[in-house]
Each structure stands twice: as C-alpha cells, then as structure tokens.
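Spelled out from the first residue to the last, the chains are:
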Amino acid sequence: MPTMSQIFARRAGRIAFGLGLLVGVASLAHAAWSGFVGAHNPARFGAVRLVGLTWFVAILAGAVVRAIAARLRWRPAAEALFAESVMVPTAGIALLLPITLHLPVVVAVADAGAFDFWVTASLWISGSAHVMFAALCLLRARQLIAGRLAITPRAIYVATLLTSCVPFVLLWAIPPLLVAVTALPFVPMLHALQRLVDRERAEIRAVPELPRAIASVERLPRAVAVQPRRGA
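These remarks concern the structure in this document. Residue numbering note: each chain is counted from 1, following its sequence as written. This being a predicted model, a pLDDT of at least 70 is required before a residue's local features are given, and a value of 80 or more before pairs of side-chain atoms are given or counted; all residues contribute to the totals for chains, interfaces and linings. To obtain the side-chain values, all non-hydrogen atoms of the structure were used and water was disregarded.

On to the overall build of the protein chain. Tallying secondary structure elements over the protein chain gives nine helices and zero strands in all. Per the convention used, a helix needs a DSSP run of H or I reaching at least four residues, while a strand needs a run of E reaching at least two, with both numbered from the N terminus. Start at the N end of the protein chain and walk to the C end: the helices and strands fall as α-α-α-α-α-α-α-α-α. The buried share among the 232 residues of the protein chain stands at 38%. The Shrake-Rupley method, run with a 1.4 Å probe sphere, supplies the accessible areas, and residue values consider only the shown protein chains as cover. As displayed, the protein chain has an accessible area near 13500 Å², and 71% of this comes from carbon and sulfur atoms. Any residue under 20% of the maximum accessible area for its type is buried, any over 50% is exposed, and the rest in between are partly exposed; the area is computed with a 1.4 Å probe on protein chains only.

In structure tokens, the structure reads:
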C-alpha cells in the first residue's frame, strides 16, 4: 500500500495536471473570443496547436509536481488536498476533452483552420452546455468526496443535453446531436470517479499511524525524567 507521502504526491500531481488544463481552456476561449471580435470572420489562432500543447504541458506539469512532492519528507493530514485533487482535474477534463474529441474529426474532414472556426462556433453555440456539464461534474465530485448521495452520470448526461437545446435547437437539432454523441464517453468516466474516491479512501484507512506512536515514545523519556524532580 502507498504511504501517506505518496498519496499526497499523487494528489499534488493531479492538481497540477488539472490547473494546466484549466489554463489551456482559458487561453483557448480567449483566443477564440479575440479572433471573433477582432475580425469579420473568426481569425486563425492555432486551436489545434493550442489544444495539443495544453494536454502536453498539463501531463508534464502533473508528472513533475508529483515527482518533486514524492521526494519531500513530510506526513500531511489524511484529507490534505483530497477534494482539490479530485475536483480540479475533473473541471479541466470536463471543459477541454469534449472539444479535443472533435479535433481529429474536424481536421480529417476539413483542415486545421476549420478547427479554429469550430472552436469559435462551439464557444457561442454550445458554450452553455459545456459550462453546465463541467458544473455538474464538479457537483458529483464534491458529493462523492463528502460521502453523500451523488448526482448520477445519467442525470448529468440528460441535463447537459437539455441545456444544449437552448436556444439553438432550431439549427436542425445539430447542437443537441453533437452534444449527445460527445458526452457518451464521459458516462463511464463519471462512474470511474466513484471508484477513484473509494480507492483513495481505502488507501487512507490502510495507512498505519506510525508517527503518532513514535511521538508517544519520544515524549515518554521526558515524562520519566521529570518524575524524580517532583519526588525530590
């Protein structure tokens, strides 16, 4: 079983990974918005490169932070960074992975420039669905961490699909259809979130409480040394 230090290092790595994704999402949205308002037609901003770079930097940051944290000699509290290590990467994946799944399809059908337009169009047409999906994923993660009854993956899927219908369902129902297909791979991932939380809880319970025993032994000689003075 992993030690508490190893568990904490893994959490730190997940947070760094998630933060990398969130920074990339913000950069992608800013670039798409700037390209739209700065020209009559959406300008090219290299969405393919930006998405790929975001995943690379996030994975690298997670690995580096985890490696550094694993070398530190400390014993953090059992709940330290637990919630953050689940919620931050959940938010990053929920926001970036859907558009990442669109990338190879758009590039195969058209080209990299078309993906720039696709990202900009998605920001306007299905942006609310993306936000709803990420918010509900965070809600599920928070409920699982708190040990409460969590919103189900099916409920998240349905709520996201309904959100995508407003107000653009009139576009030949294309936005809801795309959201329905894109969100399908997330259903098993949301089920896996439960297993992740359960596994980490089990690992925490299995970690021996050695430092407490060591601290008690260290205090014992001091207490014994004080007793003769009281008798004297």
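Further remarks concern the packing of aromatic side chains. Working definition: a ring pair exists when centres of Phe, Tyr or Trp rings (six-membered ring for Trp) sit within 6.5 Å. Plane angles under 30 degrees give stacked, over 60 give edge-to-face, the rest tilted. Inspection of every chain in the model, using the stated rule, returns three aromatic pairs. Taking the centre distance of 4.8 Å and the plane angle of 75 degrees together, the rings of F133 and F186 count as edge-to-face. You can see F133 sitting in helix α5 (residues 127-146) and its partner F186 sitting in helix α8 (residues 186-206), a full 53 residues away along the chain. With respect to burial, F133 and F186 carry one shared label: buried.

Here I145 shows up in helix α5. The class of I145 is buried, set by a relative accessible area of 10%. Beyond its immediate chain neighbours, meaning those up to four positions away, I145 contacts F82, A83, V86, M87, V197 and R201. In what follows, a contact means two residues having at least one pair of non-hydrogen atoms within 4.5 Å.

Before going further, it helps to spend a moment on the packing of helix α3 (residues 82-109) against α5. Orientation is described by axes fitted as lines to C-alpha atoms, over the contacting stretch for helices, and by angles from 0 to 180 degrees between their N-to-C directions. Contact geometry for α3 and α5: axes closest at 9 Å, N-to-C directions at 160 degrees. On the basis of the axis angle, α3 is roughly antiparallel to α5. As for the relative orientation of α3 and α5, their crossing is right-handed in sense. Where α3 abuts α5, its residues F82, A83, V86, M87, T90, A91, A94, L95 and P98 lie against H130, F133, A134, C137, L138, A141, R142 and I145. In the scheme used here, Gly and all other residues not listed as nonpolar or charged are polar, with Ala, Val, Leu, Ile, Met, Phe, Trp, Tyr, Cys and Pro taken as nonpolar and Asp, Glu, Lys and Arg as charged. Partitioned by chemical class, the residues of the contact of α3 with α5 number 14 nonpolar, two polar and one charged. To sort the angles, those under 35 degrees are grouped as roughly parallel, those over 145 as roughly antiparallel, those from 65 to 115 as roughly perpendicular, and the leftovers as oblique. What makes a crossing left-handed is the near helix being turned counterclockwise from the far one by less than a right angle; a clockwise turn instead makes it right-handed.

In this section: α8. Across its 21 residues, α8 extends 30 Å between first and last C-alpha, which sits within 8% of the 30 Å expected from 1.5 Å per residue. Where α8 is concerned, the buried positions are F186, L190, L193, V197, E200, E203 and I204. Buried positions in α8, seen along its axis, are confined to an arc of 130 degrees and lie on one side of it. Looking at α8, the residues exposed on the side facing more than 90 degrees away from the buried face are R195 and R205. A helix is expected to span 1.5 Å multiplied by its residue count minus one. Of all possible arcs, the one meant is that of the directions from the helix axis to the C-beta atoms.

Let us now look at α5. Its 20 residues give α5 an end-to-end C-alpha distance of 29 Å, which sits within 8% of 28 Å, the value for a rise of 1.5 Å per residue. Looking at α5, one finds that the buried residues are G127, A129, H130, F133, A134, L136, C137, R140, A141, Q143, L144 and I145. Backbone geometry just downstream of α5 places G147 in the positive-phi region, at approximately 75 degrees.

To continue, consider the nonpolar core. In these notes, a set of buried Ala, Val, Leu, Ile, Met, Phe, Trp, Tyr and Cys residues joined through side-chain atoms within 4.5 Å is what counts as a nonpolar core. If you look at the biggest cluster of nonpolar residues, it comprises 26 residues, and the most contacted ones within it are L28, W55, L96, F115, V119 and F133. Listed by contribution, the elements that provide at least two residues to this core are α1 (4-37), α2 (47-71), α3, α4 (112-125), α5 and α8. Not counting residues within four places of it along the chain, the set of residues in contact with W55 comprises F17, L21, L96, L97 and T100.

Attention now moves to the environment of F133. Looking at F133, the relative accessible area reads 7%, which means it is buried. As for F133 and V158, which are separated by 25 residues in sequence, their C-alpha atoms are 9.8 Å apart. In this view, F133 contacts A94, I156, T160, F186 and L190; residues no more than four positions away in its chain are not counted.

The next point concerns a nonpolar patch on the surface. Patch definition: residues above 30% relative accessible area lacking any salt bridge, with like charges linked at up to 9 Å and the nonpolar side chains Val, Leu, Ile, Met, Phe, Trp and Tyr linked at up to 5 Å. Here a salt bridge means any side-chain nitrogen of Lys or Arg lying within 4 Å of a carboxyl oxygen belonging to Asp or Glu. A cluster of nonpolar residues, L53, F56, V57, L60, V64 and I68, forms a patch on the protein surface that exposes about 540 Å² of accessible area. You can see I68 is positioned in helix α2.

As enumerated under the stated definition, the model contains five salt bridges in all. Of the charged contacts in the structure, one is a salt bridge between E203 and R10, with a shortest N-O distance of 2.3 Å. Remark: R10 occurs in helix α1 and E203 occurs in helix α8; sequence separation between them is 193 residues. Judged on exposure class, the residue E203 and its partner R10 are both buried. Connected via shared salt-bridge partners are R10, R11, R14, E200 and E203.

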